[in-house]
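Structural overview for review
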Amino acid sequence: MKINYLMIVISSVLFLGCGGDSADDTKEIPDDVTSEQPQLEQPQLEQTPESQLDLKMKISDISDGYYGLLYDAGGNELKIDKHQVLLMQKVFMDELNPHLSDDQQKNFIELANNFADTKKPTEIENVLFNNVLIDAMLSKTKPQLQDKYFPSFRLFRHHTHRLFPISRLTDYQWIIDLLSQRSLLDHFILIPPQETDDYIDTCRENNVPIPPDWGSTLWKYQGVAAVDFLDNDKTEVWAYESSTVQGACIALPRWDIRPDEGINEISLLGIICQSKTTGKACFWDNLSKETGLRIKGGEDLTFKISDIKNGDSLGENCTQCHRGKNVFLIHPGTNLDISADYDIDPNIRYQPVSTQASWSNPAAYTELGGGACASCHEIGALSGGYCNILRNGANTTMPNTTSPANWNGSHAFYGDHIQQMIDAGCPE
Ligand code: HEC
Ligand code: HEC
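Residues numbered from 1 in each chain as written. Chains lettered and ligands numbered in written order. Predicted model: local features only at pLDDT ≥ 70, side-chain atom pairs only at ≥ 80, totals over all residues. Heavy atoms only, no water.

**What to know about the coordination of the iron atom of ligand 2**
In an ideal octahedron of six donors the angles at the metal are 90 or 180 degrees, and in an ideal tetrahedron of four donors they are 109.5 degrees. Coordination of the iron atom of ligand 2 by the protein is provided by His 377 (NE2) and Met 398 (SD), with metal-donor distances spanning 2.0 to 2.1 Å. Bound by 6 donor atoms, the iron atom of ligand 2 shows angles of 86 to 180 degrees at the metal and therefore octahedral coordination geometry. Highlighted residues: His 377 in the loop between β10 (351–352) and α11 (384–397) and Met 398 in the loop between α11 and α12 (415–423), separated in sequence by 21 residues. For His 377, a relative accessible area of 36% puts it in the partly exposed group. Overall, the relative accessible area of 26% leaves Met 398 in the partly exposed class. (Donors = N, O, S within 2.8 Å, 3.2 Å for Na, K, Ca; no water. Tetrahedral: all angles 85-135°; square planar, octahedral: opposite > 155°, others 65-115°. Helix = DSSP H or I, 4+ residues; strand = E, 2+ residues; numbered from the N terminus. Buried < 20%, exposed > 50% of the residue type's maximum accessible area, 1.4 Å probe, protein only.)

Structure follows, in C-alpha cells:
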C-alpha cells in the first residue's frame, strides 16, 4: 500500500512540470495529466501505462558515457532527449522503492509533497528535484545496490545537466532552501564538489608531460584527421612535446559545423599526455571545472588546463576506449599517426593517472604476438566502447585501409580471432 502511495505522489510531482511545451510531450503523456493538477492523489497518475514508457531506456541500463553520448553494456548508444528524462526518473524511482523501508518511503513522500506544495515547479525544477530524490533514495539502499546503480545514475544526472542547463543557481534558491531544511542539500549536485585539485602535480610527479594551455603556440598543428570513428564534422590533430619530460601530448579538437544554424565551433576537445619513461597517462577534457559545461569556441578559443576537468574529475571514463600498450588510439598512416616526430611508445605498458577506481588499463585481451589481430599490437581488454573501436577498425582501418579484415569474421586470417572477440561479448 505504502509503495503505491509513494508512486502516486512521485508521479504527480514528476508530471506537474510537463506543461506540454512540445508536441512530443503529448504523445507520451495522456492529455489530462498535463493540465493543472495540484492534487497529489489523482488516481489516474498511477496508471501511466508501462507501454508508454520506452523500457529500452532505463537509467539502470546506462553503462558507459563518453563524448556526450551514453551507451548500454552492449555498446549500443542510448539517445536520451529532454522529453524522456521525467519518465526515466519515474521508472527508476519505482525500481528503487521496494528497496526502502516504510519509514524511508514516508519521508520521501513528505518531501515530495512539500516540494509540489511550495510552488508549481517548472520542468527543469522537477528534473533537478527528482535527481535529488533519486540520489537520496539510492543512498539509503544496500551498498551492493548502490554500487550497481550509482554509476548509471551519475552518468544520467550528468546528461540531464546538459539537456537542462542551469544559468544561475540563485533562480533555484527555493529548492536549495527546502533541501537544506531537510538536510538533503548534499544530494543536490549540480557542480561536483570542489576538492583541492592536485591532478597536474600528480601527473608531473609521474613524469607525464603537462600540456600547455589551449591557445598556446606550443601546440603544433598536425592537420585534419582523415579518419574519425566518432564522425565529427571536422577533427583536428594537435601535438605537444616538452623539452624536458619525455613523451607526448595530443589534443583533438572536434568541430561542430552547422552553417544553417550559424554554428562553427570546437565542441569537444580531449587532451591526453603520456610519459615515455613511466607509461603513465593523464587526461583532460574541455569541461569547465566550475560549471561542468563545455568550453566551446572557434579558432580563437583559449582556456587554461587547470580550469578544465581531468582524469580525477571527469564523469566520462576515457579508459573504456583508451587502452592497450599505449594510451593513444592511432589510425596508422593518418595525421593522427605522429609517431615519426613524437614519442608515443612508452617503455612500460600504459596506466592512467586517476583517483577513480573504474579508470584502468586492464590486462590485454590478446597479448602482442598472440596471432591474427595481435600480430602487430596487443588487443586491450574488451569493453563496450573498445569493442566498437575494434569493430570499426576491422571494418575500415585494420590491418590497412585497402583491405580491411571485416568484422563479419569472413577473413581467412583474422576471422577466428574476431569471432573470439564477439563470443567474448563484443557486439556482432
Ligand atoms: C568511445 C570510445 C572513446 C572514449 C570513451 C574516449 N575516446 Fe578519445 N578517441 C577515441 C577514438 C576512436 C580516437 C581516435 C580518433 C577517432 O577515430 O575519433 C580517440 C582519440 C582521442 C585523442 C587523440 C589521440 C589519440 O589517442 O588518437 C584524444 C586526445 C582523446 N581521444 C581524448 C579523450 C579523452 C580526454 C577522453 C575522455 C574524456 C576520451 N578520449 C574518451 C575514442 C574514445
Ligand atoms: C600489420 C600490423 C597490424 C595488424 C595485423 C593489425 N593492426 Fe591494428 N594497428 C596497427 C598499427 C600500426 C596501429 C597504430 C599504432 C598503434 O596504436 O599501435 C594500429 C591501431 C589499431 C587500433 C587503434 C586505432 C584504429 O585505427 O583502429 C585498433 C582498434 C586496431 N589497431 C585494431 C586491430 C584489429 C581489430 C586488427 C585485426 C583485424 C588489427 N588491428 C590488426 C597495425 C596492425
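**Looking at the site of ligand 2**
Around ligand 2 sit 16 residues in total, of which His 331, Cys 373, Cys 376, His 377 and Met 398 are the nearest. The separation between an oxygen atom of ligand 2 and a polar side-chain atom of His 331 is 2.4 Å. Within the side chain of Thr 397, an N or O atom sits 3.1 Å from an oxygen atom of ligand 2. The residue makeup of the shell around ligand 2, split by class, is 11 nonpolar, 5 polar and no charged. Of the residues that make up the shell around ligand 2, three or more belong to each of domain 2 (199–357) and domain 3 (362–428). (Near = heavy atom within 4 Å. Polar contact = N/O pair within 3.5 Å; in protein donor to acceptor, adjacent residues only side chain to side chain. Nonpolar A, V, L, I, M, F, W, Y, C, P; charged D, E, K, R; others polar. Domains from an automatic or database assignment.)

**Digging into the state of the cysteines**
Evaluation of the coordinates by the stated rule reveals 3 disulfides. Two residues, Cys 203 and Cys 282, share a disulfide whose sulfurs are 2.1 Å apart. Measuring the twist about the S-S bond at about -120 degrees, one finds the Cys 203-Cys 282 disulfide to be left-handed. Taken together, the positions of Cys 203 in helix α10 (residues 199–205) and Cys 282 in strand β8 (residues 280–288) put the pair 79 residues apart, joining distant regions of the chain. Overall, the relative accessible area of 0% leaves Cys 203 in the buried class. Looking at the chain, its bonded cysteines, counted consecutively from the start of the sequence, adopt the pairing 1-4, 2-3, 5-6. (Disulfide = S-S within 2.5 Å.)

**Observations concerning the pairing of strand β7 (residues 263–275)**
Side-chain direction in a regular strand flips from residue to residue, so the side chains alternate between the two faces of the sheet. Across the 13 residues of β7, 10 count as buried, placing the element largely inside the fold. In this sheet, β7 lies alongside strand β6 (residues 247–258) in antiparallel orientation, the contact comprising 12 bridges. Note that in β7 the partner of Cys 249 across the bridge is Cys 273. Here β6 folds back onto β7 in antiparallel fashion, the turn holding 4 residues, of which Gly 262 has a positive phi close to 70 degrees. Of the pairings in the sheet, the one linking β7 to β8 comprises 5 bridges and is antiparallel in character. Bridge pairing in β8 places Gly 270 opposite Asp 285. The antiparallel pairing of β7 with β8 creates a hairpin that spans 4 residues between the two strands, and Gly 279 there sits at a positive phi of about 75 degrees. (Pairing = 2+ DSSP bridges.)

**Notes on the packing of helix α6 (residues 102–118) against helix α7 (residues 123–138)**
Interhelical geometry of α6 versus α7 gives an angle of 165 degrees and a closest axis separation of 12 Å. Relative to α7, the element α6 is oriented roughly antiparallel. The two elements α6 and α7 meet at a crossing, and its hand is right-handed. Two secondary-structure elements touch here, α6 through Phe 108, Leu 111, Ala 112 and Phe 115 and α7 through Glu 125, Asn 126, Phe 129, Leu 133, Ala 136 and Met 137. (Axes fitted to C-alpha atoms, helices over the stretch in contact; angles between N-to-C directions. Parallel < 35°, antiparallel > 145°, perpendicular 65-115°, else oblique. Left-handed = near helix turned anticlockwise from the far one by under 90°. Contact = heavy atoms within 4.5 Å.)

**A closer look at the packing of aromatic side chains**
Enumeration over the complete set of coordinates arrives at 11 aromatic pairs. Aromatic pair Trp 214 and Trp 238: ring centres 5.5 Å apart, planes at 75 degrees, arrangement edge-to-face. Note that Trp 214 is positioned in the loop between α10 and β4 (220–224) and Trp 238 in strand β5 (residues 234–240), a separation of 24 residues in sequence. Residue class for Trp 214 comes out buried when judged on its relative accessible area of 7%. An aromatic cluster is built from Trp 214, Trp 219, Tyr 221, Trp 238 and Tyr 240, whose rings are joined through pairwise contacts. Sitting over the face of the ring of Trp 255, Lys 234 holds its NZ or CZ atom 4.4 Å from the ring centroid. (Phe/Tyr/Trp six-rings, centres within 6.5 Å; stacked < 30°, edge-to-face > 60°. Lys NZ or Arg CZ within 6 Å of the ring centre and 35° of its normal.)

Note that every value here comes from positions in space, so none of it alone points to a role or purpose.
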